[in-house]
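Residues per chain are reported as follows:
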Amino acid sequence: MRQLRIARGLTQTKLGAGRFSKEYVSQIERGRVRPNEAALEWLAGRLEVPRRFLETGISSAEHERLGGLISRTEAAIAALEFDDAIATLERVEESGLDLEPDLKLRALLAEAAARSGLGEIEQALILLEAARDVVDADSFTDVDRANVLFHIGQCRYRLSSVPTAVALFTEALELMRHSEAVDDRLRSRILRWRSRCYRRQSDWEAARSDVEAALELSERLGDGEALAHGFFQASIIAERKGQWVLARSYAERAKELYEEQEDRLNVGRLLNNLGGLTFLLGDPERAVELLKEAFAAALEVGSKPDAAQAVSSLAQVHLRERRPEQAEEQARLALSLLEDRVDFLDEQGNAQLVLGRALLEQGRLDESEQALVASEAAFEQLSSLSHRAAAWTAQAELCMRRGDQDMALALYRRAAEALQDFSF
C-alpha cells in the first residue's frame, strides 16, 4: 500500500481523505493492523487498483498466470508426468508471491499428488498437513476439508496404516454428510478407497457395501470413469470371495469403460486382473497372454509399479505351472521394479513369496528361506494376517523339506489360527 500511495503522490493524510487518520494509515503500512473488508475495498478504490492486488500483491494477470501454471501441473499429474508437475510448481514458487488461499490449496494438493506418485509418501503427508491448515479458514467449505482428509487417507493407506486411513475416510464422509455443498464424485472416490481398506482387513461385507454405494453414485452422475473404478473394485472383491465368473464379468465391464475413456493405464491394470482370473478359470495359456499385455501397457505409460504387478502375476502362473526357473526370473524382475517403493509392500511381499517358493522347488533351501523371511517382514508391515499366513505356510513347506516336522506343524497351526475368527 505504501508503494502504491507514493507512486500516486499521496500523503498518508490525503490517502485517508478524512475517513481514516494518518496514524491508522501508517499502522496499516507498517503491518501493525489489518483493515477489514470494507476498508480494503475503499482503500483499493482510492489507489485505483483491484482489491485482490492490494491484499496479496498479485495482479489479476499474475493471478491468472499462476493459476494457469497450477492447471498445467494438475494436467501433468493426470498424465502421470510427476517430475514435470513438480518442475512446473517450482516456477510458481520462483515467483516469490504469496498465493491466495484457493491457489495455495491447489498447489499443495498437486505437489502432494506428484510426490505420492513418485513414492515420496512422507513428503506428500507434510504437504497435506499444510493443506489441512489452509482449509481451516472460514472461506473454505466442509467439502474442501473432506477432500484434504481424503488425500491424507490415501497416503496413510499406501503406508499400510489401514486403520488410520479408515478413520480419515469415515471422518471425510461425515463432513460431507453435514455440509451444505455437495460433491458426489468426491463421495464416490472416498467410498471406493475405504472399500480398499476393508478389503485389506478382510471385511468383505463392508467392502462390498461401500463399492455398491460408490457405483450407485457414479451411475446417478453418469460418470464413466468412476463407474469403471467401481466395477474394478467389485471384481476384486468377487475374486477374493471365490466368485470368479462374476469377478470376470465385472472386470470386463470395467475394461470396456476404461477403453471408452482411453485410459491406457487402467486398461493395463484390468488386463492383469483378467489374467489372474483367466488362470483361475483354467486357461493358463490365455492368462499368460493377458499378463504380457498388461506388462506392455504398464511400460507404455511408464508405470514401473504396474509393470511389477503384472510380471509378479506372471511369476505366480509360472510357479503353479511347475516352471520354477521362469517364476524365479519374473519374481526378481518384479522386485527390481519395486525397489524403494514403501507404498507397494503387498506386491513386494507377494514377489518375495513367489521367489521363495520357486527357489524351494529348485532345492535351493537357504535362498528360499531368505526370500520367505523377507516376504513375512513385508506382510507384517501390512498388518494383514491372511498375507502372513501365506508366508507361514510356505515356511512350513520349507521345514518339511528339511525334515523339521515339529517346526512345520507349528507354522501350519499358526497359519490356520490366523485365518479363523477364534482360537479356543
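The structure displayed is predicted, hence computed values, not measured ones.

Chemist: Talk me through the overall build of the protein; I want residue IDs and the actual numbers.
Modeler: In terms of regular secondary structure, the protein is built from 23 helices and zero strands. Taken over C-alpha atoms, the radius of gyration comes to 28 Å for the protein, far larger than the 22 Å a tight globule of 424 residues would show. By the burial criterion, 48% of the 424 residues in the protein qualify as buried. Long-range contacts, defined here as pairs at least 24 residues apart, represent 55% of the contacts in the protein between residues at least 6 apart. Element-wise, carbon and sulfur atoms account for 46% of the exposed surface of the protein, whose accessible area totals about 21,400 Å².

Chemist: How would you explain the side chain of Ser160 if you had to name every residue and give the values?
Modeler: Of note, Ser160 is situated in the loop between helix H10 (142-158) and helix H11 (162-178). Here Ser160 falls in the buried class, since its relative accessible area comes to 7%. The contacts of Ser160, once residues within four sequence positions are left out, are Arg200, Leu345, Gln381 and Leu382.

Chemist: Residue-level account of a nonpolar patch on the surface, with values.
Modeler: Nonpolar side chains collect at one region of the surface, where Trp244, Val245 and Leu281 lie side by side and expose about 250 Å² of accessible area between them. Structurally, the position occupied by Val245 is in helix H15 (residues 244-260).

Chemist: So what's going on with the nonpolar core? Residues and values would help.
Modeler: Counting residues in hydrophobic clusters, the biggest one holds 62 residues, and the most contacted among them are Leu105, Val148, Phe169, Leu186, Ile190, Cys197 and Tyr258. Ignoring any residue separated from it by four or fewer positions in sequence, one finds Ile190 in contact with Phe150, Phe169, Ala172, Leu173 and Met176. The next biggest cluster of nonpolar side chains, apart from the first, holds 15 residues, and it includes Leu69, Ile77, Phe82 and Ala114.

What counts and what doesn't
- Residues numbered from 1 in each chain as written.
- Predicted model: local features only at pLDDT ≥ 70, side-chain atom pairs only at ≥ 80, totals over all residues.
- Heavy atoms only, no water.
- Helix = DSSP H or I, 4+ residues; strand = E, 2+ residues; numbered from the N terminus.
- Rg over C-alpha atoms; globule rule 2.2 N^0.38 Å.
- Buried < 20%, exposed > 50% of the residue type's maximum accessible area, 1.4 Å probe, protein only.
- Contact = heavy atoms within 4.5 Å.
- Areas by Shrake-Rupley, 256 points an atom, 1.4 Å probe, with all protein chains shown as cover.
- Patch = residues over 30% accessible without salt bridge, like charges linked within 9 Å, V, L, I, M, F, W, Y side chains within 5 Å.
- Salt bridge = Lys/Arg side-chain N within 4 Å of Asp/Glu carboxyl O.
- Core = buried A, V, L, I, M, F, W, Y, C linked by side-chain atoms within 4.5 Å.

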